[in-house]
Amino acid sequence: MKYVDEYRDGQLARGLAATIARDSDPARNYALMEFCGGHTHAISRYGLEDLLPGNVRMVHGPGCPVCVLPIGRIDMALQLATRPNVTLCCYGDLMRVPGSRGNSLLRAKAAGADIRMVYSTLDALALAEAEPSRDVVFFAIGFETTTPPTALAVRLAQKRGLTNFSVFCNHVLTPSAIQRILACDSDGVHIDGLVGPAHVSTVIGTAPFSRFATEFAKPVVVAGFEPLDVMQAILMLIRQVNDGRAEVENQYIRAVTPDGNRIAQGEVADIFELRESFEWRGLGQIPASALRLKPAYAGFDAERRFALDDMSASDNPACECGAILRGVKRPAECRLFGKACTPESPMGSCMVSSEGACAAHWSYGRFRDHARRKTA
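Let me sum up the structure you'll find in this document. (Residues numbered from 1 in each chain as written. Predicted model: local features only at pLDDT ≥ 70, side-chain atom pairs only at ≥ 80, totals over all residues. Heavy atoms only, no water.)

Right, let's get into the sheet that holds strand 6 (residues 165–171). Taken together, the four strands give an open sheet; going across it, the order is 4-3-5-6, and neighbouring strands pair in parallel fashion. Looking at the sheet topology across the chains shown, the edges are occupied by strand 4 (115–117) and strand 6. Strand after strand, the sheet turns through a mean of 25° between neighbouring axes, direction not considered. Note: strand 5 (residues 135–142) against strand 6, seven bridges, orientation parallel. The residue bridging isoleucine 141 from the neighbouring strand is asparagine 170, located in strand 6. Sheet strands in contact with helix 4 (residues 71–81) are strand 3 (86–90), strand 4, strand 5 and strand 6, and its direction is about 170° off that of strand 6. Contacting strand 3, strand 4, strand 5 and strand 6, helix 6 (residues 121–130) crosses the sheet at an angle of about 175° to strand 5. (Pairing = 2+ DSSP bridges. Helix = DSSP H or I, 4+ residues; strand = E, 2+ residues; numbered from the N terminus. Axes fitted to C-alpha atoms, helices over the stretch in contact; angles between N-to-C directions. Contact = heavy atoms within 4.5 Å.)

Right, dumping it as structure tokens:
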């Protein structure tokens, strides 16, 4: 077994598509939100929407961690990076996210700021050890998937006695965002069911999603990232909707358990605590939706260490990232898409990250849109 080819079998995909077409009720419409940006990318890359009947629609959700980071936090990182003796470390997709004045970390680096791309938290930690005269700050972002590595870096920094390492923490929590989406019914966009995130669920398990089935009567199916994973999850959701059920089901049984990774959860609980509130791009302030370091680790908290003030800034009024993240609009419905906003000159974060809906549609979906128009 190759563990990949089996989940990309075209014949099986067509069989699943036929079953979905047979099981979907032609008298009703199905709106299913994939929360995770990895699912959005898979749906676009493999053309899965072309395999679905017309009454089954996928709604892109706010599951890209770079995309949901508000502009104010980018501005704070820029302010931090331009301080004397500070080295800011971040992942590559953060480098090109525009700040409030059109600046970005990449442009700040070109202007002389010491900003370095890393592949992991341990890269930043190694840099702090190698350059003890520099204040090395790791720009930490991501959902529950990337939080445990940040916790590990803080623990190792404390164990090694590193006094020049800190974290600018922007870790956010998936269930809180789903709660906001469902509570607002996505600004009028009705959602019949949710394709639950895969990597996040390997850490937190499927249990945290049960409240959405109970409180909002919405079925949730946690799915893997391969095309057959997503197609099977869609079928499972359609069958739940048809039966009037609202349950949490696990399609990704090869990696996800009900309880998740207890060791990772313990590390996170030891290092981090909940913020009272945190701003999400497109969703506004969401209570108890993000993490910060506990007071016991205040020395590794860049916000405390450098006395950073919270900054808030409005999105570019012409950019529709916020509406796209809420599922209100599709990428091509933004008047900037493919014109002023491209991967080479992004106006919003949804075009920057590989998990962003706009970036996925630019890479794959726009060609199918063109083909449809040509044959219409």
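Now for the packing of aromatic side chains. Here a ring pair, both rings aromatic, is described through the centre-centre distance and the interplanar angle of the planes. Scanning all chains against the criterion turns up six aromatic pairs. Centroid distance phenylalanine 143 to tryptophan 280: 6.1 Å. Interplanar angle 40°. Geometry classified as tilted. With a gap of 137 residues between them, phenylalanine 143 in the loop between strand 5 and helix 7 (147–159) and tryptophan 280 in strand 11 (residues 277–280) connect regions that are remote in the sequence. Side by side, phenylalanine 143 and tryptophan 280 carry an identical accessibility label, which is buried. Through pairs of rings, three or more aromatic residues link up here, namely Phe35, Phe143 and Trp280. Positioned over the ring face of tyrosine 7 is arginine 254, at 3.8 Å from the centre of the ring. (Phe/Tyr/Trp six-rings, centres within 6.5 Å; stacked < 30°, edge-to-face > 60°. Buried < 20%, exposed > 50% of the residue type's maximum accessible area, 1.4 Å probe, protein only. Lys NZ or Arg CZ within 6 Å of the ring centre and 35° of its normal.)

In this section: the environment of leucine 283. As for its position among the elements, leucine 283 is in the loop between strand 11 and strand 12 (284–287). Taking the C-alpha atoms as reference points, leucine 283 and arginine 180, 103 residues apart in sequence, are found 7.6 Å from one another. Look past the residues within four positions of leucine 283 in its chain and what remains in contact with it is Pro62, Ala177, Arg180, Ile181 and Arg326.

So, about the environment of phenylalanine 35. Relative to the elements of secondary structure, phenylalanine 35 occurs in the loop between strand 1 (30–34) and helix 2 (37–45). Phenylalanine 35 sits 217 residues away from tyrosine 252 along the chain, and the two C-alpha atoms are 15 Å apart. The contacts of phenylalanine 35, once residues within four sequence positions are left out, are Gly61, Pro62, Gly63, Phe143, Thr174, Ala177, Ile178 and Val195.

Moving on, we come to the side chain of asparagine 170. Residue placement: asparagine 170 occurs in strand 6. At a separation of 2.6 Å, a polar atom in the side chain of asparagine 170 contacts the side chain of arginine 73. Reaching out from asparagine 170, the side chain makes a polar contact with the backbone oxygen of phenylalanine 168 at a distance of 3.1 Å. Discounting residues that sit within four places of it in the chain, asparagine 170 has contacts with Leu69, Arg73, Phe139, Ala140, Ile141, Gly142 and Phe278. (Polar contact = N/O pair within 3.5 Å; in protein donor to acceptor, adjacent residues only side chain to side chain.)

Glancing now at unusual backbone geometry. Phi is positive for alanine 217, close to 55°, though the residue is something other than glycine. Within the secondary structure, alanine 217 is located in the loop between helix 10 (210–215) and strand 8 (220–222). Positive phi is not limited to glycine here, since alanine 288 has a value of about 50°. Among the secondary structure elements, alanine 288 is positioned in the loop between strand 12 and strand 13 (291–293).

Moving on to the environment of cysteine 169. Of note, cysteine 169 is situated in strand 6. Note on cysteine 169: relative accessible area 1%, which makes it buried. Residues cysteine 169 and aspartate 301, spaced 132 residues apart in sequence, show a C-alpha to C-alpha distance of 7.5 Å. In contact with cysteine 169, not counting residues within four places along its chain, are Arg73, Ala140, Phe272, Arg275, Leu291, Arg292, Leu293 and Glu303.

Counting 75 residues, the largest nonpolar core has Leu80, Leu88, Leu105, Ile115, Phe139, Phe168 and Trp280 as the members making the most contacts within it. It is helix 4 that contributes the most residues to this core, six residues altogether. Non-local contacts of leucine 80, meaning those with residues more than four positions away in its chain, are made with Val86, Leu88, Val137, Phe168, Ala302, Phe306 and Leu308. Grouped together as the second largest cluster of nonpolar side chains are 27 residues, Ala128, Ala140, Phe165 and Cys169 included. (Core = buried A, V, L, I, M, F, W, Y, C linked by side-chain atoms within 4.5 Å.)

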